[in-house]
Amino acid sequence: MDERVRVRYAPSPTGDPHVGNIRTALFDWLFARHTGGDFILRIEDTDAARATDGALKSIMESLRWLGLDWDEGPDVGGAYGPYVQSERLELYREKAKDLVDRGYAYYCYCSSERLKEMRQEQARRKQPPGYDRLCRDKGYGYSEDPPPVVRFKMPLDGETEFHDLIRGDVTFANATVDDFVILKSDGYPTYHLASIVDDHLMEISHVLRAEEWLPSAPRHVHLYNALGFEKPHFAHLPIILGPDRSKLSKRHGDVSVLQYRDMGYLPEAMFNFLALLGWSLDDHTEIISRDDLVHHFSIDRIVKSGAIFNLEKLTWMNGMYIRNLSEGDLVGRIVQTLDDSLSSEVPRPISEDYVGAITPLVQERLKTMTDVPALMDFFFIEELDYPTDDLIQKGMDRAETTLALESALERVSGLESWSTESLEGELRPLAEELSVKTGQLFGAIRVAVTGRKAAPPLFETMAVLGRDKSLHRLRKSVHSLRES
RNA sequence: GGCGCAUUCGUCUAGCGGCCAAGGACACCGCCCUCUCAAGGCGGAGACCACGGGUUCAAAUCCCGUAUGCGCCA
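Everything quoted here is computed from the prediction, not taken from an experiment.

Caption draft 1: Examining the sheet that holds strand β4 (residues 149–152) more closely. Taken in spatial order, the three strands of this open sheet run β3-β4-β7, and their pairing is antiparallel. The sheet is open, and its two edges are formed by β3 (105–108) and β7 (181–183), each paired on a single side. For this sheet, the mean inter-axis angle between neighbouring strands, taken without regard to orientation, is 45 degrees. Where β4 lies against β7, two bridges are found, and the strand directions are antiparallel. Note that in β7 the partner of Val150 across the bridge is Leu183.

Next up, the structure:
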């Protein structure tokens, strides 16, 4: 078919989208951009009980963060609006009534008590749950009290077959599908009716959605037919799993996209990672740009089975992306992170030049942006706080350490130029003179100057830190060794 | 319980009948580099391709069953 590709991401506004939802959006978006089609955002808020305030905002924020722009949607409008289902209720009611009038659906007045009893009975007899079709052939008209639901008449026998772009031909026996509700007694449509009506009206060409919708696909096929709508292409995407192999959900902990943003992951990395969760280009590509992804994306390379969200790999990938960032780009992000995370005692604004000097020292050490303060706060803090014993290196005692640090202090304070080279030129020979290993001497100085046992390369660090701070910290370390 | 989908290293995956005594990546282990930590380089361990039958000269790849997992239906 050579129709225009139009795909939609249609979340319910029930909270922050989690990575599974957003991966679906990502595939939709990739497919739209690859084909030059349209990506539409539609809000399915007909389940009023579950709708959450602010959810729409966080949906859009999540999409924007990943750079998934939409061509039509609640905020930007479009020729097929409105894009919020609660503003389209009349449309669904009309269609429901039309289906009743034409004999494809019927009013059902069964009370919830009766339905509950029916289900209990079915459970007791180990029968599959489902409506028993009591009202099906009664020909009830509409009456207000009590308000009825509208149920769709599924064929009682035969099979429904449809083609799935990922799974091939899928077949269901009609007898296993009950007469499902399409319009609730409060006049709100169910997902089934609303999504089919909207997908048709919005001229959606491909429905890419999570695999959990596969069992309801035969219902949709019959709805399309009864309504006289042409069916879109279906592709049921594999589900994202938690570590226990069940469908990823809130109980798995950190699952919302926005949380990953707050945990210091780069949108580029998340984009890349999510694209490779259920899709691959070939047998070796791991790091792939957004443009290449758009260029190469195809539905037939989507995998069939669910995938566990592997945080360790995401973290590795994030580190790769941080390392590949241009220095200027990284500096900007680090300044922002520091501004957000450093104690208020550190004067603002954070100097971009200073951060620019530090950045090369930490770039290859960052895995996430939340590592930033831990890796470089000693550049900003005035007084370091560390256990004095940390100064004493393996194989040395207190006296030797004190002597070593004093000697280092002395050597270095006379330096004309304070640079990586001059510092190394003084300190490396010193180790030999003191007959200690360079690792021991440098280790002691490192702790004195940074307060940490692990830090960026020592001489670079001291050079950037500057003469005053470095000398002050060395002096302080000697004092604390003497005092305790 | 019924129906559906899935099943290749711990994890993500390549593989669409012979190139596979199964390739890549993360994680793990070792070595190298090295002032620590990283990064990087090299190497290692890790999958009898869920199991059992077929089809074929030839199957991880096709077909059928079974098992397991997951999903949906309340």
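Caption draft 2: Just the protein's contact with RNA strand B, in detail. Looking at RNA strand B, there are 53 residues lining it, with Lys247, Glu364, Arg365, Arg446 and Ala455 nearest. The sugar and phosphate moieties of RNA strand B supply 77% of its atoms located within 4 Å of the protein. The separation between a base nitrogen of RNA strand B and a polar main-chain atom of Asp283 is 3.3 Å. Interatomic distance of 2.5 Å between a backbone N/O atom of Ala455 and a base nitrogen of RNA strand B. Taken together, the elements giving at least two residues each to the surface near RNA strand B come down to β6 (168–173), β11 (307–308), α10 (311–324), α16 (438–450) and α17 (458–465). Ranked by residue count, the leading element in the surface near RNA strand B is α10, at five residues.

Caption draft 3: Structural context of the nonpolar core. Core analysis: the largest hydrophobic core is formed by 107 residues, its most contacted members being Leu30, Leu274, Phe309, Ile334, Phe379, Phe380 and Ile445. Tallying contributions element by element places helix α1 (residues 19–35) first for this core, with nine residues. Apart from the residues lying within four places of it in its own chain, the contact partners of Ile445 are Leu405, Ala408, Leu427, Leu458, Met462 and Leu474.

Caption draft 4: Highlighting the packing of helix α3 (residues 89–101) against helix α5 (residues 191–201). At their nearest, the axes of α3 and α5 sit 10 Å apart, and the two run at 105 degrees to each other. By the angle class used here, α3 and α5 are roughly perpendicular. Residue-level inspection shows Leu91, Tyr92, Lys95 and Ala96 of α3 in contact with α5, the latter providing Leu193, Ala194, Val197, Asp198 and Leu201. Counted by class, the contact of α3 with α5 contains seven nonpolar, no polar and two charged residues.

Caption draft 5: Layout of the layout of surface pockets. Here the largest pocket is characterised by a volume of approximately 930 Å³. At the level of secondary structure, the elements contributing two or more residues to the lining of the largest pocket comprise β1 (6–9), α1 and β8 (206–210). In this structure, the second largest pocket occupies an estimated 390 Å³ of space. In this structure, the second largest pocket is lined by 22 residues; those nearest its centre are Pro129, Gly130, Tyr131, Asp178 and Arg219. Elements represented by at least two residues in the lining of the second largest pocket include exactly α4 (112–124) and α6 (217–227). By residue number, the principal contributor to the lining of the second largest pocket is α4, which donates four residues. Split by residue class, the lining of the second largest pocket holds 12 nonpolar, three polar and seven charged.

Caption draft 6: Quick peek at the confidence of the model for chain A. Residues of chain A with pLDDT of at least 70 account for 99%, and the chain-wide mean is 93. With a pTM of 0.93, the predicted complex shows an ipTM of 0.95.

Caption draft 7: Region of the structure containing the pattern of salt bridges. Per the counting criterion, the structure on display carries 38 salt bridges. The partner of Asp69 in a salt bridge is Arg33, and the shortest N-O contact between them spans 3.1 Å. Within this pair, whereas Asp69 is found in the loop between α2 (55–65) and α3, its partner Arg33 is found in helix α1, the two being separated by 36 residues in sequence. By relative accessible area, Asp69 is classed as partly exposed at 40%. Linking Arg333 and Asp329 is a salt bridge whose minimum nitrogen-to-oxygen distance equals 3.0 Å. Of this pair, Arg333 and Asp329 both sit in helix α11 (residues 327–341), four residues apart, which is roughly one turn of that helix. Residue Arg333 is classed as partly exposed on the basis of its relative accessible area, which comes to 22%. In this structure, a network of salt bridges that share partners links the residues Arg8, Arg42, Glu44, Arg88, Asp198 and Asp199.

Calculation rules
Residues numbered from 1 in each chain as written. Chains lettered and ligands numbered in written order. Predicted model: local features only at pLDDT ≥ 70, side-chain atom pairs only at ≥ 80, totals over all residues. Heavy atoms only, no water. Pairing = 2+ DSSP bridges. Helix = DSSP H or I, 4+ residues; strand = E, 2+ residues; numbered from the N terminus. Axes fitted to C-alpha atoms, helices over the stretch in contact; angles between N-to-C directions. Near = heavy atom within 4 Å. Polar contact = N/O pair within 3.5 Å; in protein donor to acceptor, adjacent residues only side chain to side chain. Core = buried A, V, L, I, M, F, W, Y, C linked by side-chain atoms within 4.5 Å. Buried < 20%, exposed > 50% of the residue type's maximum accessible area, 1.4 Å probe, protein only. Contact = heavy atoms within 4.5 Å. Parallel < 35°, antiparallel > 145°, perpendicular 65-115°, else oblique. Nonpolar A, V, L, I, M, F, W, Y, C, P; charged D, E, K, R; others polar. 1 Å grid on protein atoms, 1.4 Å probe; cavity = no way out; pocket = protein on both sides within 12 Å on 5 of 7 lines; lining within 4 Å. Points joined across faces, edges and corners; volume = space filled by probe spheres on them. pLDDT = per-residue confidence, 0-100. Salt bridge = Lys/Arg side-chain N within 4 Å of Asp/Glu carboxyl O.

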